[in-house]
Amino acid sequence: MAGWWRALPRAAQRYPWPTNVLLYAGLFSAGDALQQRLRGGPADWRQTRRVATLAVTFHANFNYVWLRLLERALPGRAPRVVLTKVLCDQLFGGPIALSAFYVGMSILQEKDDVLLDLKQKFWNTYKSQCFQVCLLLSPCEKNLLNATETGLMYWPFVQLTNFGLVPVHWRTAYTGLCGFLWATFLCFSQQSGDGTLQSAFAFLHRKEADVGGRHPGK
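Residues numbered from 1 in each chain as written. Predicted model: local features only at pLDDT ≥ 70, side-chain atom pairs only at ≥ 80, totals over all residues. Heavy atoms only, no water.

Peer 1: Provide a residue-level description of helix α3 (residues 45-73), including the pertinent values.
Peer 2: Look at α3: 40 Å from first C-alpha to last across 29 residues, which is about the 42 Å you get at 1.5 Å a residue. Taking the largest bend as the criterion, α3 deviates by roughly 50°, centred on Ala 55. (Helix = DSSP H or I, 4+ residues; strand = E, 2+ residues; numbered from the N terminus. Expected span 1.5 Å × (residues − 1). Bend = angle between axes of the 7 residues up to and from the residue.)

Printed below as a string of structure tokens:
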């Protein structure tokens, strides 16, 4: 195991593209497996393979190329440069990746309307990504807090640390690592939710209530 951990940094530096793609795809697929376990029932490995297929064919490669392009266009780690990268990522990279996920999964699942999930869930899910950017760029007014359905403040902080601290050849893998929990939420939204955190929390609350009902004495 120790030898494997020593070999991984060398692989990332020598073969950054395949190393990052494989790590990203593995973590993204694990997110789907986790949400299936949380939902209960038998494991749907066909669904996990679909997620892995989409991650390998598009998301991991897109993230690798996109992060490299951002670094080339906006080199450096100065605070203004990092914030500009985060803004570009949330305004351009985020919508592309999110749209590709909902449409790609619908295609792989052979749904009649491959745009239905995108139409119904994109905006709720996207607001969970870009909400914190709005707070960074404008005053924190109370009506802004009430204007969004999902108060998740995750990806901007992830990308702030990514662009500010992580070496370029590790950024896609780091995105995949931080995307593990996001993939869990995203796969749940595509399968059962509506793209909001409320639906995920409501499901977990119902599950906890069901467990408590089956074991009233505990």
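Peer 1: Help me get a handle on the environment of Phe 122, residues and values and all.
Peer 2: Tracing the backbone shows Phe 122 in helix α5 (residues 116-137). Taking the C-alpha atoms as reference points, Phe 122 and Leu 98, separated by 24 residues in sequence, lie 7.2 Å from one another.

Peer 1: An account of the pattern of salt bridges is needed here, citing residue identities and associated values.
Peer 2: Per the stated rule, a full pass over the model turns up four salt bridges. For Lys 85, the salt bridge is made with Glu 71, and the minimal N-O distance between the two is 2.6 Å. Placement of Lys 85 in helix α4 (residues 79-108) and of Glu 71 in helix α3 is noted, with a sequence separation of 14 residues between them. Comparing Lys 85 with Glu 71, the two get one shared label, buried. In this structure, Glu 71 and Arg 171 form a salt bridge, with 2.5 Å as the shortest nitrogen-oxygen distance. Of the two residues, Glu 71 is situated in helix α3 and Arg 171 in helix α8 (residues 171-191); the sequence distance between them amounts to 100 residues. (Salt bridge = Lys/Arg side-chain N within 4 Å of Asp/Glu carboxyl O. Buried < 20%, exposed > 50% of the residue type's maximum accessible area, 1.4 Å probe, protein only.)

Peer 1: Could you give an account of unusual backbone geometry, naming the residues involved and the relevant values?
Peer 2: Leave glycine aside and you will find that most residues have negative phi; peptide bonds, for their part, are mostly trans. Not every positive phi belongs to a glycine, and Glu 110 is a case in point at roughly 60°. With respect to the secondary-structure elements, Glu 110 resides in the loop between α4 and α5. Overall, the relative accessible area of 68% leaves Glu 110 in the exposed class.

Peer 1: Which residues make up the packing of α3 against α8, and what values do they have?
Peer 2: At a minimum axis separation of 11 Å, α3 and α8 run at an interaxial angle of 135°. With respect to their mutual orientation, α3 and α8 come out oblique. Considering only the axes of α3 and α8, their crossing is right-handed. From α3, Gln 47, Val 51, Ala 60, Asn 63, Tyr 64, Leu 67 and Glu 71 reach across to α8, where they touch Arg 171, Thr 172, Thr 175, Cys 187, Gln 190 and Gln 191. Looking at side-chain class alone, the contact of α3 with α8 contains five nonpolar, six polar and two charged residues. (Axes fitted to C-alpha atoms, helices over the stretch in contact; angles between N-to-C directions. Parallel < 35°, antiparallel > 145°, perpendicular 65-115°, else oblique. Left-handed = near helix turned anticlockwise from the far one by under 90°. Contact = heavy atoms within 4.5 Å. Nonpolar A, V, L, I, M, F, W, Y, C, P; charged D, E, K, R; others polar.)

Peer 1: I'd like to hear about the packing of aromatic side chains, residue by residue, with values.
Peer 2: Under the definition given, this model contains six aromatic pairs. Each ring, one from Phe 62 and one from Trp 66, has its centre 6.2 Å from the other, and the planes form 5°; the classification is stacked. Highlighted residues: Phe 62 and Trp 66, both in helix α3, separated by four residues, approximately one helical turn. Judged on exposure class, the residue Phe 62 and its partner Trp 66 are both buried. (Phe/Tyr/Trp six-rings, centres within 6.5 Å; stacked < 30°, edge-to-face > 60°.)

Peer 1: Describe a nonpolar patch on the surface, with residues and values.
Peer 2: Among the surface-exposed residues, Trp 17, Val 65 and Leu 69 lie close enough to one another that they form a single nonpolar patch of about 260 Å² accessible area. Relative to the helices and strands, Val 65 is located in helix α3. Looking at Val 65, the relative accessible area reads 34%, which means it is partly exposed. (Patch = residues over 30% accessible without salt bridge, like charges linked within 9 Å, V, L, I, M, F, W, Y side chains within 5 Å. Areas by Shrake-Rupley, 256 points an atom, 1.4 Å probe, with all protein chains shown as cover.)

Peer 1: Tell me about the packing of helix α2 (residues 16-39) against α8, and please be specific about residues and values.
Peer 2: Interhelical geometry of α2 versus α8 gives an angle of 30° and a closest axis separation of 7 Å. As far as their axial angle goes, α8 and α2 are roughly parallel. The handedness of the crossing between α2 and α8 comes out as right-handed. Grouping the amino acids of the contact of α2 with α8 by side-chain chemistry returns 14 nonpolar, eight polar and three charged.

Peer 1: Describe the confidence of the model for the chain, with residues and values.
Peer 2: For any part of a model where pLDDT is low, the fine detail of the predicted coordinates should not be relied upon. When pLDDT is averaged across the chain, the result is 77; 71% of the residues are at 70 or more. When mean pLDDT is compared element by element in the chain, α3 scores highest at 93, while helix α6 (residues 142-147) scores lowest at 35. Per-residue pLDDT stays below 50 along residues 131-152; that stretch engages in 35 contacts with residues further than four places along the chain or on separate chains. (pLDDT = per-residue confidence, 0-100.)

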